[in-house]
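The lines below spell out each chain.
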Amino acid sequence: MYYLGIDLGGTNIAAAVVNEKYEIVGKASLKTNCPRPAEEIAEDMYKAGVLAIENSGLKLDDIAEVGVGSPGSVDHNTGFICFANNLGFHNVPLGDMLEAKFGRRVFLENDANAAAYGELLAGAGRGAKQFVAITLGTGVGGGVIVNGQIISGMNYAGGELGHIVIVKDGEPCSCGRNGCWESYASATALIRQTKAAMELDKNSKMWEVSDNGQHISGRTAFDAMRLGDETATKVVKEFCDYVACGLTNIINIFQPEVACIGGGISKEGETLVAPIRDYINREVYSKNSDKQTVIKAAELGNNAGIIGAAFLGNLYR
């Protein structure tokens, strides 16, 4: 049996056919081209899905169900996107729109929650009942799974972990608050921190690895740190401390068996995870307990959301 997962992003629509072993057997993607009417985006989601099926050597009749991960607040009971700022969606009946096109049941969930579910099924959270996944990207995304169920709350906006405050009256956040975790621990924040440190140290090797400041990314400080640069080392340490500070709060609240860190920065592996783990082991409330949360990098990369979406029927059928 095969399932179709669609990851709806502000930039790309990614679709893939997934088999019962959680293996992707065919993929396709199209540009989202926001902003534009929801009907047009739904049509391209259908086209991307059909392309993925064709690339799998299968037919639509071979697909049992369709699952979608979308930004924003998603009502999985009604199939409505309640609100997605970067898509310009407000109370959009995306589930019904796609069911009419595919002729299959369509299940919807927030994209970060879908990614967490994917990691639970086939990645870093395999076998866990209590699991938290965070994604360090433009913001800080999060998904919380308790006893196998995604925690989404009464407004379907639960798990917005990036918007816990870790610095009162701190850096402004896009959500309207100040001092949110994502203002310090996102890839966007890391780039801002890197640029600020470079301006203070014109001799830093971060200038060298970024082509004299032309290509500054989330990797810049890590790459310069590996060259022995002291300023870059301080940037990386401070960033890891910010990530760990927020994640310690999350662990104190949920006490998950496993917490994984995703996003492009997670490709740093233990260079990123080890100092975060050390900080948490010192600070977490349950540090004297026999059982401790396992901290690890996410394993599925960009496929996590697609795989999780494909199997949302397991939760909401």
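Further up the page is the structure itself.
Cut-offs used in this document
Residues numbered from 1 in each chain as written. Predicted model: local features only at pLDDT ≥ 70, side-chain atom pairs only at ≥ 80, totals over all residues. Heavy atoms only, no water. Helix = DSSP H or I, 4+ residues; strand = E, 2+ residues; numbered from the N terminus. Polar contact = N/O pair within 3.5 Å; in protein donor to acceptor, adjacent residues only side chain to side chain. Contact = heavy atoms within 4.5 Å. 1 Å grid on protein atoms, 1.4 Å probe; cavity = no way out; pocket = protein on both sides within 12 Å on 5 of 7 lines; lining within 4 Å. Points joined across faces, edges and corners; volume = space filled by probe spheres on them. Nonpolar A, V, L, I, M, F, W, Y, C, P; charged D, E, K, R; others polar. Buried < 20%, exposed > 50% of the residue type's maximum accessible area, 1.4 Å probe, protein only. Pairing = 2+ DSSP bridges. Axes fitted to C-alpha atoms, helices over the stretch in contact; angles between N-to-C directions.

Caption draft 1: Fine view of the side chain of Asn110. By the secondary structure assignment, Asn110 is in strand β8 (residues 106-110). Here the side chain of Asn110 touches Asn113 through a polar contact of 3.1 Å, landing on its backbone nitrogen. Beyond its immediate chain neighbours, meaning those up to four positions away, Asn110 contacts Gly69, Ser70, Pro71, Gly72, Val74 and Glu160.

Caption draft 2: Inspection of the layout of surface pockets at higher detail. Computed from the structure, the second largest pocket encloses a volume of approximately 170 Å³. Around the second largest pocket, the lining residues are His76, Asn77, Thr78, Gly79, Gly95, Asp96, Glu99, Arg105, Val106, Phe107, Leu108 and Tyr316. Sorting the residues of the lining of the second largest pocket by element identifies α2 (94-102) and β8 as the ones contributing at least two each. Counted by class, the lining of the second largest pocket contains four nonpolar, five polar and three charged residues.

Caption draft 3: Looking closely at the environment of Gly26. Along the chain, the position of Gly26 falls in strand β3 (residues 24-31). A relative accessible area of 8% places Gly26 in the buried class. A C-alpha to C-alpha distance of 5.2 Å links Gly26 and Asn55, two positions 29 residues apart in sequence. Setting aside anything within four residues of it in sequence, one finds Gly26 in contact with Ala15, Ala16, Val17, Ala52, Asn55 and Ser56.

Caption draft 4: A look at the pairing of strand β10 (residues 140-146). For β10, the buried fraction is high: five of the seven residues fall into the buried class. The turn joining strand β9 (residues 130-136) and β10, which pair antiparallel and follow one another in sequence, is formed by three residues. Where β10 lies against strand β11 (residues 149-150), two bridges are found, and the strand directions are antiparallel. Directly across from Val146, in β11, lies its bridge partner Gln149. Counted along the chain from β10 to the antiparallel partner β11, the turn is two residues long, and its residue Asn147 has a positive phi close to 50 degrees.

Caption draft 5: Seen up close, the sheet that holds strand β7 (residues 89-92). The three strands lie next to each other as β5-β6-β7, forming an open sheet whose pairing is antiparallel. The outermost strands of the open sheet, each flanked by one partner alone, are β5 (73-75) and β7. Put simply, the sheet's adjacent strands are angled 15 degrees from each other on average, direction ignored. Sheet topology note: the β5/strand β6 (residues 80-84) ladder contains three bridges and is antiparallel. Within β6, the position partnered with Ser73 by the bridge is Phe83.

Nothing here speaks to function; it is geometry throughout.
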